[in-house]
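# Per-entry structural report
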Amino acid sequence: MNAVLAVRQYVSKMIEDSGPGMKVLLMDRETTGAVSVVYTQSEILQREVYLFERLDSPNREPMKHLKAICFLRPTKENVELLVQELRRPKYSVYFIYFSNVISKSDVKALAEADEQEVVAEVQEFYGDYIAVNPHVFSLNLLGCCRGRSWDPAQLTRTTQGLTALLLSLKKCPMIRYQLSSEPAKRLAECVKQVITKEYELFDFRRTEVPPLLLILDRSDDAITPLLNQWTYQAMVHELLGINNNRIDLSRVPGISKDLREVVLSAENDEFYANNMYLNFAEIGTNIKNLMEDFQRRKPKEQQKLESIADMKAFVENYPQFKKMSGTVSKHVTVVGELSRLVAERNLLEVSEVEQELACQSDHSSALQSVRRLLQSPRLSELDAARLVMLYALRSARLMGLCPLPAQLVSAVVEYGGKRVRGSDLFSPKDAVAITKQFLKGLKGIENVYTQHQPLLQETLDQLIKGKLKDSQYPYLGPNTLRDRPQDIIVFLIGGATYEEALAVFNLNRSNPGVRIVLGAPKSCSHCSSSLLELGPTSVGPEGWPKGWRIHSAPRDCRAILQGLEEEGLQRINNRIKRVARNIWCWG
C-alpha cells in the first residue's frame, strides 16, 4: 500500500490515455495540491504537458493546438465551470477525470453541454487526497468538528476522501472504531454506507485476510501534538512549515533569492529521503558528510577544458553537479535555520521538560522546571502555553503557574483529559504495560528528548498482535477478523503528527507482511491553520471570545491557547497572557 504511488499512477495514466501531442493540465485548487506532491513540474514537462492551468482562472486564452487533461473534484462548482468550458471550448479535445464518484445527473449535464463534441473521455480516478508520504495521507481540511459533533459538510468531505483512498488502494475493508468517540463511530457508519451503496466499485479480489480500517480520535491522545519533535521532517514542519512539500524560507536572515522557497520531497531528493526520519544530531553529521563529498567533487568539475573529451565529460556531468550543488545549498540553509531557532527558543531545555511531563510518573521536579522556564525571556508564547497545557492535561490543575481562568483549564481537560480518554496515557492499568514501564525505568533513558511514544504506536502494536480489545474498538457490523490484520488503514480524526507518522514507518519496517497507512483530515505537510472547536460548553470568561477554540495547525506540535486577555501578575503571567494560535497536530 503506497499512497504516493497510487496518485502517481493515476496521473501517468491520464497523460498516457491522452496520446501524443502538446497538452494542458487543467485542475482545481485541491487537485493541484494532490498532483504537486507526487510529480514535479519538470517530470510532467517531459511527458509533453507544457501548460498548467486552474479551471477557475478567468484569463485563460484559447489554445486549439493543445489537448486538455482535466483532473477535478466532482463538486457542484467544478461541474458548472466545466459546463461553461465545454460550451465554449478553448482546447481541441478534453480528457476529463474526476477524483471521486460523480453523479449521473452531472455526467448528463456535461454531455448536454458538449455540443461541439470535444470530450474524448470521462473517467473517475480516485486521487481525492494529499499523499504526504507513501504511508501517510491527508485531506487538507479545516475545522472538521464542532465540539464533539461533526460539521456536516466536513463529514461528507472526509467520507469522500477516505473512500477515495480505499478505492485507489483497491481495498474493501472491515471497519473498527474507537468506542469512546462519537465522531469516530459516525465516520465509520458513513464510510460503510458508501461501500454498501457503491458495492460494484469495491468489488476487488478478495484476500485471505481482509483489510482493516481503524478510525481513532485525536482526543484520546492530546499529549503527542504538544511535544517538540527532533526528527528532520518533523522539525522542518514545526519550526519552518511545510505546504505541499514547499518550505518558505523568506524570513530567514540573509537568505538569497534562490533559496526563499525550497522543495523537500522524498521522491526527488535522495538526501531528504535518507534523513527525514533521523534525529537532529545525526542530520548535522550527515550534512557535514554531504558538504565534504561536494567539496571533493567540485574541483574535478572545474578543471580546464583542454580537449573534446574534457568538454564532453563536463557536459555529461554538469546536470548531476548542478543538482548536487542545489541539494547542498538547500539542506545547509534549512539545517542552519533549524539550529538557529533551536538555540533562540531554548528548545533543548523546553523539550526535556516536556518529555518529563509526558513520560515520568513523578512530575514534581518538572513542575519546578516549568516555573523556571516560564520566567525565561527566551521562552516563546507558543512554548510557554504548550508547557502549561501539558501540565493541565497531566494534573488537571495549574498549581499557581499562572492565573489562567478555571474555564480554560476545563476546556483543555474537556478535550483531552482523563474523563474523555478511552485509555490512560499516564498510569497504565494493564499488567504488561506496567511491566514494560518498569523495565524501561531499569534500563534508563537513551535519549531524554525522544522518551515519549505516541498512544497510536501502542494501539497498532496491539492490533498487529491480535490483542486490541473489541470492547474499546468494536467492529462495525457482525463480522470480525479471525486472523491478524495485514493491510491496515488508520484514520485519526483531529489530526496526526509526524511522531505518529514515524511510528507507522517503524512498524511497517519491523513487521514484515504488515502494511499500515496513516491518514488524517489535516496533514502534517500543510501549514495553513485549521480549527478544531471545543464547542459551546467552553464559554470563556470576560474578555475571551465565546466558544474557545483550539487551532489545528500543520505543525507537528499544534499547541497554544487563544484569547487570554486578563492582566497578569508578574512576568510569568505576562508570558502566558497573549493570544496564541495553533494547537493540536497537523491536522
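Okay, so let's go over this structure. Owing to the predicted nature of the structure, the values given are computational and were not obtained by experimental measurement. Along each chain, residues carry numbers from 1 onward, in the same order as the chain's sequence is written. Given that the model is predicted, a residue must reach a pLDDT of at least 70 before its local features are reported, and side-chain atom pairs must reach 80 or more before they are shown or counted; all residues, however, enter totals for whole chains, interfaces and linings. Side-chain figures throughout are based on the complete set of non-hydrogen atoms in the structure, without hydrogens or water.

## Let's talk about the pairing of strand 11 (residues 212–217)
Short version of the rule: Using a 1.4 Å probe on the protein chains alone, a residue whose accessible area is under 20% of its type maximum counts as buried, one over 50% counts as exposed, and one in between counts as partly exposed. Only DSSP runs of H or I reaching four residues or more are called helices, and only runs of E reaching two or more are called strands; each is numbered from the N terminus. For two strands to pair, DSSP has to find at least two bridges joining them. Seen with its strands pointing away from the viewer, a crossover is right-handed when the path leading from the first strand over the helix to the second is clockwise.
The element strand 11 is extensively covered by neighbouring structure, given that 6 of its 6 residues are classed as buried. Covered by surrounding structure in strand 11 are Leu212, Leu214 and Leu216 together with Leu213, Ile215 and Asp217, the residues of both alternating faces. As judged from the 4 bridges shared by strand 10 (residues 174–177) and strand 11, these two strands associate in the parallel manner. Across the sheet, residue Met174 finds its bridge partner in strand 11, namely Leu212. As for the winding sense of the linkage, the β-α-β connection from strand 10 through helix 7 (residues 182–197) to strand 11 is left-handed. Of the pairings in the sheet, the one linking strand 11 to strand 15 (residues 487–493) comprises 6 bridges and is parallel in character. If you follow Ile215 over to strand 15, its bridge partner there is Phe491.

## Observations regarding a nonpolar patch on the surface
We apply this condition: Each patch is built from salt-bridge-free residues with over 30% relative accessible area, joining like charges within 9 Å and nonpolar side chains (Val, Leu, Ile, Met, Phe, Trp, Tyr) within 5 Å. Only the protein chains shown count as cover for residues, and the accessible areas themselves come from Shrake-Rupley with a 1.4 Å probe. We define a salt bridge as a side-chain nitrogen of Lys or Arg found within 4 Å of a carboxyl oxygen belonging to Asp or Glu.
Where nonpolar side chains cluster on the molecular surface, the patch consists of Met22, Leu45 and Tyr50 and spans about 270 Å² of accessible area. Within the secondary structure, Leu45 sits in helix 3 (residues 41–45).

## Remarks on the sheet that holds strand 11
Sheet strands associate in pairs through backbone hydrogen bonding, adopting either a parallel or an antiparallel arrangement. What counts here: Interaxial angle, 0 to 180 degrees, is taken between N-to-C directions of lines fitted to C-alpha atoms, where a helix line uses only the stretch in contact. Throughout, a contact is declared for two residues whenever any of their heavy atoms are within 4.5 Å.
If you walk across this open sheet you meet the 6 strands as 6-7-16-15-11-10, and the pairing is mixed. Bordering the open sheet on either side are strand 6 (130–133) and strand 10, each of which pairs with just one other strand. Each adjacent strand pair in this sheet contributes to an overall mean axis angle of 25°, direction not counted. Relative to strand 7 (residues 136–138), strand 6 is paired through 3 bridges, and the arrangement is antiparallel. Opposite Ala131, over in strand 7, you have Phe137 as the bridge partner. Running over the sheet, helix 7 touches strand 10, strand 11 and strand 15 and is turned about 170° from strand 10.

## Focus: the nonpolar core
Heads up, the condition is: For the purposes of this section, nonpolar cores are sets of buried Ala, Val, Leu, Ile, Met, Phe, Trp, Tyr and Cys residues that join through side-chain atoms within 4.5 Å.
Core analysis: the biggest nonpolar cluster contains 91 residues, and Tyr129, Phe137, Leu187, Ile215, Tyr232, Val236 and Leu338 have the highest contact counts within it. When residues of this core are assigned to their parent elements, the largest contribution, 8 residues, is made by helix 1 (residues 3–17). Discounting residues that sit within four places of it in the chain, Leu187 has contacts with Trp150, Leu155, Thr158, Thr159, Leu162, Ile215, Phe491 and Ile493. Leu216, Leu456, Leu492 and Val504 belong to the second largest nonpolar core, which has 23 residues in total.

## Remarks on helix 17 (residues 455–464)
Among the 10 residues of helix 17, 7 are classified as buried, and the element is accordingly described as predominantly covered. Looking only at helix 17, the buried set comprises Leu455, Leu456, Thr459, Leu460, Asp461, Leu463 and Ile464.

## Digging into helix 8 (residues 232–240)
Among the 9 residues in helix 8, 9 count as buried, and that is most of the element. Within the sequence span of helix 8, burial applies to Tyr232, Gln233, Ala234, Met235, Val236, His237, Glu238, Leu239 and Leu240. Immediately beyond the C-terminal end of helix 8, within one or two residues, lies Gly241, with a positive phi of roughly 95°.

## Here's the deal with the pattern of salt bridges
As enumerated under the stated definition, the model contains 27 salt bridges in all. For Arg73, the salt bridge goes to Glu30, with nearest N and O atoms at 3.9 Å. One end of the pair, Arg73, is in the loop between strand 3 (67–72) and helix 4 (76–87); the other, Glu30, is in helix 2 (residues 29–36), and 43 residues separate them in sequence. The exposure class of Glu30 is partly exposed, given its relative accessible area of 26%.

## Some points on the packing of aromatic side chains
Here the distance between the centres and the angle between the planes together describe a pair of aromatic rings. What counts here: Geometry of aromatic contacts follows a simple scheme: Phe, Tyr and Trp rings, the Trp one being its six-membered ring, pair when their centres are within 6.5 Å, and the pair is stacked under 30 degrees between planes, edge-to-face over 60, tilted otherwise. Our definition puts a charge over a ring when NZ of Lys or CZ of Arg is within 6 Å of the ring centre and also within 35 degrees of the ring normal.
Inspection of every chain in the model, using the stated rule, returns 9 aromatic pairs. Ring geometry for Trp230 versus Tyr449: centroids 5.7 Å apart, planes at 50°, classification tilted. A residue pair is termed long-range when its members are at least 10 positions apart, and Trp230 in the loop between strand 11 and helix 8 and Tyr449 in the loop between helix 16 (431–443) and helix 17 qualify at 219 residues. A relative accessible area of 23% places Tyr449 in the partly exposed class. Between Tyr232 and Tyr272, the ring centres sit 5.9 Å apart and the planes meet at 70°, which makes this aromatic pair edge-to-face. Taken together, the positions of Tyr232 in helix 8 and Tyr272 in helix 9 (residues 270–275) put the pair 40 residues apart, joining distant regions of the chain. Each of the two residues, Tyr232 as well as Tyr272, counts as buried. Grouped by ring-pair contacts, the aromatic residues Tyr10, Tyr97 and Phe125 constitute a single cluster. When the ring centre of Tyr39 is taken as reference, the NZ or CZ atom of Arg8 above it lies at 4.2 Å.

## With respect to the side chain of Ser265
By the element assignment, Ser265 lies in the loop between strand 14 (261–263) and helix 9. In this view, Ser265 contacts Asn245 and Tyr272; residues no more than four positions away in its chain are not counted.

## Focus on unusual backbone geometry
Where the residue is not glycine, phi is negative for most of them; where a peptide bond is considered, it is trans in most cases. Non-glycine residue Glu48 carries a positive phi angle of around 70°. Inspection of the secondary structure assignment puts Glu48 in the loop between helix 3 and strand 2 (49–54). Even without being a glycine, Asn346 presents a positive backbone phi close to 55°. Inspection of the secondary structure puts Asn346 in the loop between helix 11 (308–344) and helix 12 (347–359).

## Side note on the sheet that holds strand 12 (residues 242–243)
One open sheet accounts for 3 strands, arranged 12-13-14; its pairing is antiparallel. In this open sheet, the two strands that pair with only one neighbour each are strand 12 and strand 14. Relative to strand 14, strand 13 (residues 246–248) runs antiparallel, the two sharing 3 bridges. Within strand 14, the residue paired with Ile247 across the bridge is Val262.

## Side note on the packing of helix 17 against helix 18 (residues 498–510)
Filter applied, for reference: In these notes the angle categories are as follows: under 35 degrees is roughly parallel, over 145 is roughly antiparallel, 65 to 115 is roughly perpendicular, and the rest is oblique. Each crossing gets its hand from how the near helix is turned against the far one by less than a right angle, where anticlockwise is left-handed and clockwise is right-handed. Under this grouping Gly is polar, as are all residues other than the nonpolar Ala, Val, Leu, Ile, Met, Phe, Trp, Tyr, Cys and Pro and the charged Asp, Glu, Lys and Arg.
Remark: helix 17 packs on helix 18, axes separated minimally by 9 Å, with the N-to-C direction vectors making an angle of 25°. The orientation of helix 17 relative to helix 18 falls into the category roughly parallel. Both helix 17 and helix 18 take part in a crossing whose hand is right-handed. Residues Leu456, Gln457, Leu460 and Ile464 of helix 17 lie in contact with helix 18, whose contacting residues are Glu500, Ala503, Val504 and Leu507. When the residues that make up the contact of helix 17 with helix 18 are grouped by side-chain class, the tally is 6 nonpolar, 1 polar and 1 charged.

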